[in-house]
Amino acid sequence: MTATTAASPKGGRGDGPTRPGRGGKSRHRAAGPLFVAPFMVLFLLLFLAPLGYAAYLSLFQERLIGGTVFVGLDNYVQALGDPRFLDGIGRVALFFLIQVPLMLLLALLFALALDSGLLRLARLIRLGIFVPYAVPSVVAALMWGYLYGPDFGPFAQLSRALGLPVPDFLSDGWMLGSLANIVTWEFVGYNMIILYAALRTIPTELYEAAAMDGAGAWRTAWSIKLPALRPALLLTLLFSVIGSFQLFNEPNLLMKIAPDVISSSYTANLYAYTLAFTGQQVNYAATVSFLLGLVIVIASYAVLLTANRRRTP
């Protein structure tokens, strides 16, 4: 018998799959930058450009004689010695040390309780804890400001009805705790969702192995769940660092009902806002904002460095 061999196409090797030409590869390579281009344009226009302009403004001063004058780093030197700016930074740092551990602890407990599967109506409970995060911070501050009110607030009325002294939640000694309570009420649900989502990604094989070894619920939570939650906890901690040092809405609204306690420089962010829109000191406000951003970067880096050192053996 004689076998005939079919001629393969020119330049090909048998009936194997054809490879895309150079034109196809170049089109695929060009598609990536096209998809990223809208984000990059918005990032440039809405973040980098305003940031660069603010940096430019921070190098000038508006003077009565001479107009706008280039002063270099004089505004930064002035801000580093400004007691109002330093007091605002110290106040939000104390707020962070008080509020964030309590908030993350509550979020962790709620996430573990929901993940345990022992709660009835778990979906309803999860939704109820998360709902405060859906409330705008302005509405939350106004609502809690009414609840804190010493005249018509329900806490004050209940204390009078019981013959107890009226708690002054808006006093100087209570104000930081009152703000911490508002922020905790707002963001416990948000952090709980992050931690709960991280718990749902843990392989079930680990739970089965722990059960075969005789580990109970507490042992499983301590040895399996908590170590698996470290990245998520670090993420929530970083978000909390940024949010705490940028505290603005809550003190800005409560300042209207407690002006003797909350000043225009109660937090560094509020101080920068007052300088820009009330005092018309745009250049100095840009300087304060840049220094506040630098403090946030340093605090975030310190958190990351501490977490990485604890993870390394």
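Because the structure is a prediction, the values reported are computed rather than measured.

Another point: the pattern of salt bridges. Any two side chains of opposite charge can pair if their charged atoms end up close together. Applying the stated criterion across every chain yields a total of three salt bridges. The closest approach of N and O atoms between Asp115 and Lys225, which form a salt bridge, is 3.0 Å. Residue Asp115 is found in helix H3 (residues 83-116), and its partner Lys225 is found in helix H9 (residues 217-228); the two are separated by 110 residues along the sequence. Under the relative-accessibility criterion, Asp115 is labelled buried at 13%.

Per the stated rule, a full pass over the model turns up 17 aromatic pairs. Between the aromatic rings of Phe60 and Phe70, the centroid separation amounts to 5.5 Å while the plane-to-plane angle is 75 degrees, which identifies the pairing as edge-to-face. Of the two residues, Phe60 sits in strand E1 (residues 60-63) while Phe70 sits in strand E2 (residues 67-70), which places them ten residues apart along the sequence. The class of Phe60 is buried, set by a relative accessible area of 15%. A relative accessible area of 54% means that Phe70 is categorised as exposed.

This part covers unusual backbone geometry. For Leu121, which is not glycine, the phi dihedral falls at a positive 55 degrees. Given a relative accessible area of 62%, Leu121 falls into the exposed group. The phi dihedral of Gln280 is positive, around 55 degrees, even though this residue is not glycine. Taking relative accessible area as the criterion, Gln280 reaches 57% and is therefore assigned exposed.

We now examine the packing of helix H8 (residues 204-212) against H9. The contact between H8 and H9 brings their axes to 11 Å, and the two run at 145 degrees. Here the hand of the crossing between H8 and H9 comes out right-handed. Residues Leu206, Tyr207 and Ala210 of H8 touch H9, and the partners they reach there are Thr220, Ile224 and Lys225. Split by residue class, the contact of H8 with H9 holds four nonpolar, one polar and one charged.

Quick look at the side chain of Glu250 now. Inspection of the secondary structure puts Glu250 in helix H11 (residues 249-254). Residues contacting Glu250, with those up to four places away along its chain left out, are Ser137, Ala141, Leu179, Ile182, Val183 and Glu186.

It is worth spelling out helix H10 (residues 230-245) at this point. Taking 1.5 Å per residue, 16 residues should reach 22 Å; H10 reaches 23 Å between its end C-alpha atoms and fits that length. Taken as a whole, H10 has its buried residues at Ala232, Leu234, Thr236, Leu238, Ser240, Val241, Ser244 and Phe245.

Here we come to the packing of helix H4 (residues 122-134) against helix H7 (residues 175-200). Interhelical geometry of H4 versus H7 gives an angle of 125 degrees and a closest axis separation of 6 Å. Our classification of the angle between H4 and H7 gives oblique. Seen along the crossing, H4 lies across H7 with a hand that is left-handed. Contact residues: Arg126, Ile129, Phe130, Pro132 and Tyr133 in H4; Trp185, Glu186, Phe187, Val188, Gly189, Tyr190, Met192, Ile193 and Tyr196 in H7. Taken together, the residues that form the contact of H4 with H7 break down as eleven nonpolar, one polar and two charged.

Thresholds, definitions, all that
Residues numbered from 1 in each chain as written. Predicted model: local features only at pLDDT ≥ 70, side-chain atom pairs only at ≥ 80, totals over all residues. Heavy atoms only, no water. Salt bridge = Lys/Arg side-chain N within 4 Å of Asp/Glu carboxyl O. Helix = DSSP H or I, 4+ residues; strand = E, 2+ residues; numbered from the N terminus. Buried < 20%, exposed > 50% of the residue type's maximum accessible area, 1.4 Å probe, protein only. Phe/Tyr/Trp six-rings, centres within 6.5 Å; stacked < 30°, edge-to-face > 60°. Axes fitted to C-alpha atoms, helices over the stretch in contact; angles between N-to-C directions. Left-handed = near helix turned anticlockwise from the far one by under 90°. Contact = heavy atoms within 4.5 Å. Nonpolar A, V, L, I, M, F, W, Y, C, P; charged D, E, K, R; others polar. Expected span 1.5 Å × (residues − 1). Parallel < 35°, antiparallel > 145°, perpendicular 65-115°, else oblique.

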